[in-house]
Amino acid sequence: MKMKRFSFIFSVLLFVVACGNDTYDAGDGVLSYLRADFADVRTDASARLFSVVTDDDERFLLSPPVESGWAITPDSVYRALVYYDSNAVSWDAEELPSVRPIAISRVLVPRILSIGELETPPSTDPLTLVGAWKSKNGKYINIELSVKTGTPEAEDAAHILGIVINGVTDNADGGKTANVMLTHKRKDMPEYYSVSVYVSVPVKDVPGGLVIGDSIAVTVNTYDGQKTKTFLFDR
């Protein structure tokens, strides 16, 4: 079977400048109460972001619910970085506490593909790897990137990110390591300045599955060469 176009293969995760940030009134409160969490955020029947489960498995509601240009499907779950006023907690009659949202930024969740599915080698244009860590609940590997970008001349210019699994290595201790690579195609995008981009890799989507004692190794091609971060699963 013929493979689809490259841009579709890599989940069409396109961004031009800042990955779709939506900012809201920060109010007059003290910013020392500002908190930021990576989270799964659910939309309501009107496609407003309203319910949050953080990587620490904390659960709360957003009051008021938030409309976003990138979360457009009702009754769906999106990955996001949620900034909120941790001091403005209201219980009222709700089963969950409510917090006041400050800003919500989209987090990209590429579909993990096998390198054997690709007709051509994946593109690995360099990026700056700021950090990578396993979520406390063990569900995600979160990656912070700094991407050089700018205002393009070509209308179809874009950055395209994806995740490819290079295979699984058997470890001496009996576990296995899934070798995952971040792909990046800088499609006619200039490199005038840098923006922050966040990616989450869902552990449950790793082919073959991971169990306690297994690891996942994430490789990113940077301006200083390839860098690999390895994470052990102990839960």
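Residues numbered from 1 in each chain as written. Predicted model: local features only at pLDDT ≥ 70, side-chain atom pairs only at ≥ 80, totals over all residues. Heavy atoms only, no water.

(A) Looking closely at the side chain of H159. Along the chain, the position of H159 falls in strand β11 (residues 158-170). Assessed through its relative accessible area of 0%, H159 is described here as buried. Here K148 takes part through its backbone oxygen, which lies 3.3 Å from a polar atom of the side chain of H159. A polar side-chain atom of H159 sits 3.3 Å from a polar atom in the side chain of T149. (Helix = DSSP H or I, 4+ residues; strand = E, 2+ residues; numbered from the N terminus. Buried < 20%, exposed > 50% of the residue type's maximum accessible area, 1.4 Å probe, protein only. Polar contact = N/O pair within 3.5 Å; in protein donor to acceptor, adjacent residues only side chain to side chain.)

(B) Main features of the sheet that holds strand β13 (residues 193-202). Across the sheet, which stays open at both edges, the three strands sit in the order β9-β10-β13 with antiparallel pairing between neighbours. The two strands at the open ends of the sheet, each matched to only one other strand, are β9 (128-134) and β13. Going across the sheet, the axis of each strand differs from the next one's by a mean of 15°, ignoring polarity. Here strand β10 (residues 140-149) runs beside β13; their pairing, made up of ten bridges, is antiparallel. What sits directly across from E144, in β13, is Y198. (Pairing = 2+ DSSP bridges. Axes fitted to C-alpha atoms, helices over the stretch in contact; angles between N-to-C directions.)

(C) Expanded view of the nonpolar core. Of all hydrophobic cores here, the largest spans 26 residues; its most connected members are I141, I143, L145 and I216. Taken together, the elements giving at least two residues each to this core come down to β10, β11, β12 (176-187), β13 and β14 (215-222). The contacts of I216, once residues within four sequence positions are left out, are I141, T177, A178, V180, V206, L210, K229, T230, F231 and F233. Among the nonpolar cores identified, the runner-up in size contains 15 residues, and A39, F60, V66 and Y78 belong to it. (Core = buried A, V, L, I, M, F, W, Y, C linked by side-chain atoms within 4.5 Å. Contact = heavy atoms within 4.5 Å.)

(D) Structural detail: unusual backbone geometry. Cis geometry is found at the peptide bond from S63 to P64, where omega equals 5°. Among the structural elements, P64 can be located in strand β5 (residues 59-66). One non-glycine residue, D75, adopts positive backbone phi at about 50°. Its place among the elements puts D75 in the loop between β5 and β6 (77-90).

(E) Expanded view of the pattern of salt bridges. Counted according to the given criterion, the structure contains eleven salt bridges. The shortest N-O distance in the salt bridge between R35 and E58 comes to 3.0 Å. Of the two residues, R35 sits in strand β3 (residues 34-43) while E58 sits in the loop between β4 (49-54) and β5, which places them 23 residues apart along the sequence. Residue E58 is classed as partly exposed on the basis of its relative accessible area, which comes to 31%. Between D205 and K204 there is a salt bridge, and its shortest N-O distance comes to 3.0 Å. Judged by its relative accessible area of 36%, D205 is partly exposed. By relative accessible area, which is 71% here, K204 ends up exposed. When salt bridges that share partners are traced, they join R35, D37, D56 and E58 into one network. (Salt bridge = Lys/Arg side-chain N within 4 Å of Asp/Glu carboxyl O.)

(F) Layout of the pairing of β4. With respect to burial, β4 is a largely interior element, five of its six residues being buried. As paired strands, β3 and β4 are joined by five bridges and run antiparallel to one another. Residue A39 lies in a different strand from β4, and its bridge partner there is T54. Here β3 hands over to β4 after five residues, with A47 in that stretch at a positive phi of 65°. Pairing geometry for β4 and β5, over four bridges, is antiparallel. In the sheet register, V53 faces β5, and the bridge partner there is R59. Joining the antiparallel neighbours β4 and β5 is a turn of four residues, in which D57 adopts a positive phi near 65°.

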